Amino acid sequence: MHEQEHKIISLVLNEMAFEGAIKHFHEAPPDVPRNLFEDLKAIGIPGRYDGKIQGYRYVDIEFDDEKSVFENCYRELRTIRNNIVHANKAYRPDPSERLNDLLDWAQGFIHSVYQTNSRLAERAKEIKVTLGIENF
């Protein structure tokens, strides 16, 4: 498995573990640095695929002050995952540099969550151990 494949699998499996910790165990969002959101905003997130232009329309992401930094970043992590897993990325992929930037950001966010040693991070680790995916 090469590095990009590992990052994609890590993104998918950790997003799943975070979702389990949030939705099924109702763990509170941990505190993560605000610069994570700003770093992603600088990369940009593609919107939905638009057949009229045969490409993705980019959207400016805005920080929702009603939500925590984690919640704002997690929303965008799910968008990145959805674009890789569900969208037409196989036919119209992001340029490799941009995809690498998004995957590197995702890995940074994931590591930041685990560094909080929060209940959410601990629960996500437990979920991964139970599923036998703790190496991601």
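Summary of the structure given here. (Residues numbered from 1 in each chain as written. Predicted model: local features only at pLDDT ≥ 70, side-chain atom pairs only at ≥ 80, totals over all residues. Heavy atoms only, no water.)

Here we take up helix α4 (residues 96-115). With 20 residues, α4 extends 28 Å from end C-alpha to end C-alpha; this agrees with the ideal 28 Å at 1.5 Å per step. All of the buried residues along α4 are Arg98, Leu99, Leu102, Leu103, Trp105, Ala106, Gln107, Phe109, Ile110, Ser112, Val113 and Tyr114. Trailing α4 by a residue or two, Asn117 shows a phi angle of about 50 degrees, which is positive. (Helix = DSSP H or I, 4+ residues; strand = E, 2+ residues; numbered from the N terminus. Expected span 1.5 Å × (residues − 1). Buried < 20%, exposed > 50% of the residue type's maximum accessible area, 1.4 Å probe, protein only.)

Counted at 1.5 Å a residue, the expected span for helix α3 (residues 69-85) with its 17 residues is 24 Å, and the 24 Å between its end C-alpha atoms agrees. All of the buried residues along α3 are Val69, Phe70, Asn72, Cys73, Tyr74, Glu76, Leu77, Ile80, Arg81 and Asn83.

In this section: the side chain of Glu76. Within the secondary structure layout, Glu76 lies in helix α3. A residue is classified by how much of its surface remains accessible, and Glu76, at 5% relative accessible area, is buried. Other than its neighbours up to four places away in sequence, Glu76 contacts Phe37, Leu40, Ile45 and Ile61. (Contact = heavy atoms within 4.5 Å.)

This part takes up the packing of aromatic side chains. Throughout the structure, instances matching the rule amount to 8 aromatic pairs. Residues Phe18 and Phe70 carry aromatic rings whose centres are separated by 6.2 Å and whose planes lie at 65 degrees to one another, so their mutual orientation is edge-to-face. Pair noted here: Phe18 is in helix α1 (residues 3-24) and Phe70 is in helix α3, with a separation of 52 residues, a long-range link. The burial state of Phe18 is the same as that of Phe70; both residues are buried. Among the aromatic side chains, those forming a connected cluster through ring pairs are Phe18, Phe70, Tyr74, Trp105, Phe109 and Tyr114. The ring centre of Phe63 lies 3.6 Å from the NZ or CZ of Arg34, which sits over that ring. (Phe/Tyr/Trp six-rings, centres within 6.5 Å; stacked < 30°, edge-to-face > 60°. Lys NZ or Arg CZ within 6 Å of the ring centre and 35° of its normal.)

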